[in-house]
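Structural features, examined
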Amino acid sequence: MPPESDLLGELLPRLTRLSAVLTRSPVIEDAQRAAGAALDRPGIGVLTALRLAARPMRIGEIAENQQVAGPHVTRTVTGLEQRGMVHRVTDPDDQRARLVELTDEGAAAADRYVQTVFGFFTDAMAEWSAEDQRTLGLLLGRLVDDIAARLATP
């Protein structure tokens with residue numbers, strides 16, 4: 001086997017295990033409960049994307065962020081809008097376009113969700129050095145960016 005297969009032989013099982021551990025853990029459900037709004041995963045995903053972006057976003061931007069199709073985000077945003085968690089505003093750069101913006105209620109729910117998830121990871125890495133935490137953040141960000149770029153290229 002070529003040397004890169006050794007890396008994949010170590011990395012792939014760990015990524016698979018991480019996915020399984022997080023999927024089967026109560027972390028996401030606990031965070032959804034902490035959000036306090038009986039939100040489903042798509043709904044909390046939209047709120048979180050908007051909160052972390054710290055600015056209003058177009059539907060297409062949210063869809064790209066969530067790696068889903070625009071119509072899915074449109075339905076989710078409509079539901080969140082009916083619940084008073086987001087509202088649509090005119091894009092100042094293009095009067096024909098609309099942006100999705102958090103309301104105070106939506107921002108508060110997103111904050112509670114994010115704080116619960118961050119708290120979990122902070123506790124899990126409590127004994128890691130600051131350098132190890134930074135390194136993980138940099139490398140994980142790079143991996144996600146490279147994978148997203150590769151998937152975006154036909």
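What this report covers is the structure whose coordinates are included nearby. (Residues numbered from 1 in each chain as written. Predicted model: local features only at pLDDT ≥ 70, side-chain atom pairs only at ≥ 80, totals over all residues. Heavy atoms only, no water.)

Section: the nonpolar core
Grouped together as the largest cluster of nonpolar side chains are 24 residues, with contacts concentrated most on Leu39, Leu47, Leu50 and Val86. Contributions of two or more residues to this core are made by α2 (27–35), α3 (41–53), α4 (59–66), α5 (70–82), β2 (94–102) and α6 (104–124). The dominant element in this core, judged by the number of residues it contributes, is α6, at 6 residues. When neighbours within four sequence positions are excluded, leucine 39 is seen to be in contact with Gln32, Ile44, Leu47, Leu80, Arg83, Met85 and Ala109. (Core = buried A, V, L, I, M, F, W, Y, C linked by side-chain atoms within 4.5 Å. Buried < 20%, exposed > 50% of the residue type's maximum accessible area, 1.4 Å probe, protein only. Helix = DSSP H or I, 4+ residues; strand = E, 2+ residues; numbered from the N terminus. Contact = heavy atoms within 4.5 Å.)

Examining the pattern of salt bridges
Within this structure, the stated rule accounts for 7 salt bridges. Across the pair glutamate 61 and arginine 55 runs a salt bridge, and its minimum N-O distance is 2.9 Å. Among the salt bridges present, the one from arginine 58 reaches aspartate 94, with a minimum N-O distance of 3.7 Å. Here arginine 58 is found in the loop between α3 and α4, whereas its partner aspartate 94 is found in strand β2, with 36 residues between them in sequence. (Salt bridge = Lys/Arg side-chain N within 4 Å of Asp/Glu carboxyl O.)

Side note on α2
Inspection of α2 places Val27, Ala31, Gln32 and Ala35 among the buried residues, and these make up the whole buried set. Seen along its axis, α2 keeps its buried residues to an arc of 130 degrees; they face one direction. Buried residues belonging to α2 abut α3 and α6. Positive phi appears at glycine 36, one or two residues downstream of α2, with a value of about 75 degrees. (Arc of directions from axis to C-beta.)

With respect to the pairing of β2
The side chains of a regular strand alternate between the sheet's two faces. Bridge count between strand β1 (residues 86–91) and β2: 6 bridges; the pairing is antiparallel. Directly across from threonine 90, in β2, lies its bridge partner arginine 98. In sequence, β1 turns back onto β2 through a hairpin of 2 residues. (Pairing = 2+ DSSP bridges.)

A look at the layout of surface pockets
One number sums up the size of the largest pocket: a volume of about 2,200 Å³. Lining the largest pocket are 41 residues, with Leu18, Leu22, Phe121, Leu140 and Val144 positioned closest to its centre. Only α1 (3–24), α2, α3, α4, α6 and α7 (130–152) provide two or more residues apiece to the lining of the largest pocket. When residues in the lining of the largest pocket are grouped by element, the largest group, 11 residues, is from α7. Considered class by class, the residues forming the lining of the largest pocket number 28 nonpolar, 10 polar and 3 charged. (1 Å grid on protein atoms, 1.4 Å probe; cavity = no way out; pocket = protein on both sides within 12 Å on 5 of 7 lines; lining within 4 Å. Points joined across faces, edges and corners; volume = space filled by probe spheres on them. Nonpolar A, V, L, I, M, F, W, Y, C, P; charged D, E, K, R; others polar.)

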